[in-house]
Number of protein chains: 2
Amino acid sequence: MIDIARLAGVSPMTVSRAFKADGTVSEAAQAAVMKAAEDLGYVFDSTASALRSQRSDFVAVTIPSINNANFADTVRGLSDGLRARGLQILLGYTDYDVQAEETLIAQLLRRRPEAMVVTGGTHTDRSRALLDKAAIPVIEIWDLPDRPIGHVVGFSNAAAMGTLVDHLVAQGRRRIAFIGGDAARDTRGTDRRRGFVAAMQRHGLDTTRLIDAGPPPISMAEGAAAMADLLARLPDTDAVVCVSDLSAFGALTECQRQGVDVPGRVAIAGFGDYEIAAICVPPLTTINPFPRRIGSDAASLILQALDGTLSQPATIHIAPELLTRASSSGA
Amino acid sequence: MIDIARLAGVSPMTVSRAFKADGTVSEAAQAAVMKAAEDLGYVFDSTASALRSQRSDFVAVTIPSINNANFADTVRGLSDGLRARGLQILLGYTDYDVQAEETLIAQLLRRRPEAMVVTGGTHTDRSRALLDKAAIPVIEIWDLPDRPIGHVVGFSNAAAMGTLVDHLVAQGRRRIAFIGGDAARDTRGTDRRRGFVAAMQRHGLDTTRLIDAGPPPISMAEGAAAMADLLARLPDTDAVVCVSDLSAFGALTECQRQGVDVPGRVAIAGFGDYEIAAICVPPLTTINPFPRRIGSDAASLILQALDGTLSQPATIHIAPELLTRASSSGA
DNA sequence: GTGAAAGCGCTAACAG
DNA sequence: CTGTTAGCGCTTTCAC
């Protein structure tokens, strides 16, 4: 920067101001600086800037898996919402493990992010302590935590699953099964299972058709295997709800392989409104939790929090939408 | 850090050494420092460390889309391979646009990454200049660039597509169509199309059945629309190759909706070996380009380059695997 | 094994 | 609108 200052015939401070582009530099100086920078192949050093100004321009984000279209959409919503303010996303994934999340949070905080977005509302005590200490805006997303750390953009996974069960019952289904993952790890999946059981009880129906397909994420293949298990052990099942569209699609393919009519003999519903749900044959009934929106709303909260426009911890409730499609038509 | 030094009764330098954990600190001092840090809720500041040591511990990575299972797998391979050395990934996506890539590269370089991984071998002149100037290891992935910037981990998309065509021809297919995206943007897709045309010519077959499904990424729905178009305009088509499994699956669903037998009347093949290809009914013939492997090999190259073990620019050839499945059985 | 001094490249704060 | 001074929180370097 000193070199540029020399070449442009100004002080380093003017160079700094020129790069901030806040219009506080004369046009002549601005042009001279930019030309000198171009000639010297100068690349601004954000590290030094971050250290001195105590503004890293980072927003740290943790998601359970990078290989998931729902979370990817959320990250896009976040990224697009933050880019205008020059904020960059520092992304990490937890593999659906709160211990891994703790390690990740500790690692990310070392970079001095200006805000932190974490997926889900279940964290280790140490994670909570780290986030508290960090004294930066924290947004929990994709859930409605019992004990929020800071701000929240989410919805009740249990309630959303309940609307799905209500729909199936309204369609005349009674012997409804749930295919989901290992309760210990996937907290959102567990919430959905709890919502399933609660809704079934509300309707006075049997809640024992619960298939545990293993640790999250539940793949299409695991959904298919679970469906095969279900068809073998509980062949009178007339509807299946899956923890996600991906496992639901797997279940659907298993029915296709076995010649089981969907929705004639078994209705199938998923969760997440993944691309596949709309296009497979028959298309899948599902819940759209508006993943992109979760991200863009979180971005708005962050911008407000950084502006100081947000005095109270805020909770933005996303209203998931039930999408009824052919996979769950009347019995 | 000064506070910790005081509390632990040592100098700041010893605190620094304790955090580096290189075993050059006495056990007593190490323990005292860790205890003091814990008590004070100290979080190490990577920004200051990066500035002084000129080591950011960042590896910057650009991918076309964050919402793509293939690239997500590559990022996981990279991430897992780099984590052991304490290197963190700084991820950005380009939306399949070389101009956006240029902006992104400029932005990422400001963070002083120690290496840069870029997807594809087509870049703007300015991107190339920026990467040259940066004087850090550069790895291009998912392609075999004509004019590599630095190291490469990739394969020939054209050649891989050729093997797919060869397979279809061997199965007795002759009137083969290609469904792909806008040539201007998706360079890998364009390479695949070129490979398709070259292989068809090699077999002396008609190369005019090319459907342009719009700008990448080509969605399942766009694959379905393209298939509908094809069935309407060129109903004697006996095989379809798609630029990815996702569009291929869309095409398959369109056949299901129209009662077109796959592979009886039309064979379908995709590219990428996405999860869906293995499980849909019928499963899709495809190419596995080993996305995870691309990432882990790139990570290895980076570690070698940073160690100085790599004097020459290296190219690691990935050998994509043809997976023949029921969607392309004999006519 | 430990400490003192200096400085990484930028910008806050103040002055003009 | 521009410049000067000082310092962000670490680590390099050198000394002991």
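Just so it is clear, the structure is predicted and the values come from calculations on it, not from any experiment.

(A) Structural context of the sheet that holds strand S6 (residues 176–180) of chain B. All names here are of chain B. Strand order in the open sheet made by the 4 strands is S7-S6-S8-S9, with parallel pairing throughout. Looking at which strands have only one partner, the edges of the open sheet turn out to be strand S7 (210–212) and strand S9 (267–269). Each neighbouring strand pair of the sheet contributes to a mean axis angle of 20°, computed without reference to strand direction. With 3 bridges joining them, strand S8 (residues 239–242) and S9 adopt parallel strand pairing. When the bridges of S9 are listed, Ala-239 appears paired with Ala-267. Lying over the sheet, helix H8 (residues 157–170) contacts S6, S8 and S9, oriented at roughly 165° with respect to S8. On the sheet, helix H11 (residues 245–258) packs against S8 and S9 and is oriented at approximately 155° with respect to S9.

(B) Broad picture of the sheet that holds strand S4 (residues 138–141) of chain A. All names here are of chain A. Pairing in this open sheet of 6 strands is parallel, and the strands run S2-S1-S3-S4-S5-S11 from one edge to the other. Both outer strands of the open sheet, strand S2 (88–93) and strand S11 (315–317), are each paired with one neighbouring strand and no more. Neighbour to neighbour, the strand axes of the sheet diverge by 15° on average, direction disregarded. Inspection of the sheet shows strand S3 (residues 115–119) paired to S4 by 4 bridges, in the parallel sense. Looking across to S4, one finds that Val-118 is bridged to Glu-140.

(C) Highlighting the protein's contact with DNA strand C. Surveying the vicinity of DNA strand C reveals 23 residues, the closest of which are Ser-16 and Tyr-42 of chain A together with Thr-14, Arg-17 and Arg-52 of chain B. Sugar plus phosphate: this is where 62% of the atoms of DNA strand C within 4 Å of the protein reside. Between DNA strand C and the protein, one listed contact pairs a sugar or linking oxygen with a side-chain N or O atom of Arg-52 of chain A at 3.3 Å. One of the side-chain N or O atoms of Gln-54 of chain B is found 3.4 Å from a phosphate oxygen in DNA strand C. For the surface near DNA strand C, the secondary-structure elements that each account for two or more residues are helix H2 (12–20) and helix H4 (46–53) of chain A together with helix H2 (12–20) and helix H4 (46–53) of chain B. Ranked by residue count, the leading element in the surface near DNA strand C is H4 of chain A, at 4 residues. Taken together, the residues of the surface near DNA strand C sort by class into 10 nonpolar, 8 polar and 5 charged.

(D) Region of the structure containing the protein's contact with DNA strand D. Not every one of the 23 residues close to DNA strand D is listed here, only the nearest: Thr-14, Arg-17 and Arg-52 of chain A together with Met-13 and Ser-16 of chain B. Of all atoms in DNA strand D that approach within 4 Å of the protein, 58% are sugar or phosphate atoms. Take Arg-52 of chain A: an N or O atom from its main chain is 3.3 Å from a base oxygen of DNA strand D. Within the contact set of DNA strand D, a phosphate oxygen lies 3.4 Å away from a side-chain nitrogen or oxygen of Gln-54 of chain A. Those elements that place two or more of their residues in the surface near DNA strand D are H2 and H4 of chain A together with H2 and H4 of chain B. Among the elements that line the surface near DNA strand D, the one with the most residues is H4 of chain B, at 4 residues.

(E) Summary view of the domain arrangement of chain A. All names here are of chain A. You can read the domains of chain A as domain 1 (2–44), domain 2 (56–155 + 291–322) and domain 3 (157–287). The straight-line distance from the C-alpha centre of domain 2 to that of domain 3 is 29 Å. Tallying the contact residues gives 17 residues for domain 2 and 19 residues for domain 3. Carbon and sulfur atoms make up 54% of the area that domain 2 and domain 3 hide from each other, which totals about 1,300 Å². Together, Tyr-96, Phe-155 and Leu-322 form the three largest contributors to the area buried by domain 2 at its contact with domain 3, with a combined 45%. Counting the contacts that link domain 2 with domain 3 gives 2 salt bridges.

(F) View of the relation of the copies chain B and chain A. It takes a turn of 180° to lay chain B on chain A, together with a shift of 0.0 Å along the axis; the resulting RMSD is 0.1 Å. Put plainly, the chains are arranged around a two-fold axis. The fraction of interface residues of chain B whose copies in chain A are also interface residues reaches 100%, indicating that both copies meet through the same surface.

(G) How the structure looks around the UniProt feature "domain: HTH lacI-type" (unreviewed entry) in chain A. Residues given the UniProt feature "domain: HTH lacI-type" (unreviewed entry) here are residues 1–53 of chain A. In residues 1–53 of chain A, helix accounts for 72% and strand for 0%; the two terminal C-alpha atoms are 16 Å from one another.

(H) Seen up close, the layout of surface pockets. Of the volumes computed, that of the second largest pocket is approximately 710 Å³. Taken together, 26 residues form the lining of the second largest pocket, with Arg-110 of chain A together with Phe-19, Phe-44, Ser-49 and Asp-57 of chain B sitting closest to its centre. For the lining of the second largest pocket, the elements supplying multiple residues, two or more each, are helix H6 (98–109) of chain A together with H2 and H4 of chain B. For the lining of the second largest pocket, the element with the highest residue contribution is H4 of chain B, accounting for 6 residues. Grouping the constituent residues of the lining of the second largest pocket by class yields 7 nonpolar, 9 polar and 10 charged.

(I) The side chain of Asn-68 of chain A, seen in detail. All names here are of chain A. Take Asn-68: it is sitting in the loop between strand S1 (58–63) and helix H5 (69–83). A polar side-chain atom of Asn-68 sits 2.8 Å from the main-chain amide nitrogen of Asn-70. Among the polar contacts listed, one links the side chain of Asn-68 to the side chain of Tyr-274, at a separation of 3.1 Å. The contact partners of Asn-68, leaving out residues within four places of it in the chain, are Tyr-96 and Tyr-274.

Criteria and cut-off values
- Residues numbered from 1 in each chain as written.
- Chains lettered and ligands numbered in written order.
- Predicted model: local features only at pLDDT ≥ 70, side-chain atom pairs only at ≥ 80, totals over all residues.
- Heavy atoms only, no water.
- Pairing = 2+ DSSP bridges.
- Helix = DSSP H or I, 4+ residues; strand = E, 2+ residues; numbered from the N terminus.
- Axes fitted to C-alpha atoms, helices over the stretch in contact; angles between N-to-C directions.
- Contact = heavy atoms within 4.5 Å.
- Near = heavy atom within 4 Å.
- Polar contact = N/O pair within 3.5 Å; in protein donor to acceptor, adjacent residues only side chain to side chain.
- Nonpolar A, V, L, I, M, F, W, Y, C, P; charged D, E, K, R; others polar.
- Domains from an automatic or database assignment.
- Buried area = accessible area lost by both parts, 1.4 Å probe.
- Salt bridge = Lys/Arg side-chain N within 4 Å of Asp/Glu carboxyl O.
- Least-squares fit on C-alpha atoms with pLDDT ≥ 70 in both.
- UniProt positions renumbered as here; feature names shortened; annotations may be inferred.
- 1 Å grid on protein atoms, 1.4 Å probe; cavity = no way out; pocket = protein on both sides within 12 Å on 5 of 7 lines; lining within 4 Å.
- Points joined across faces, edges and corners; volume = space filled by probe spheres on them.

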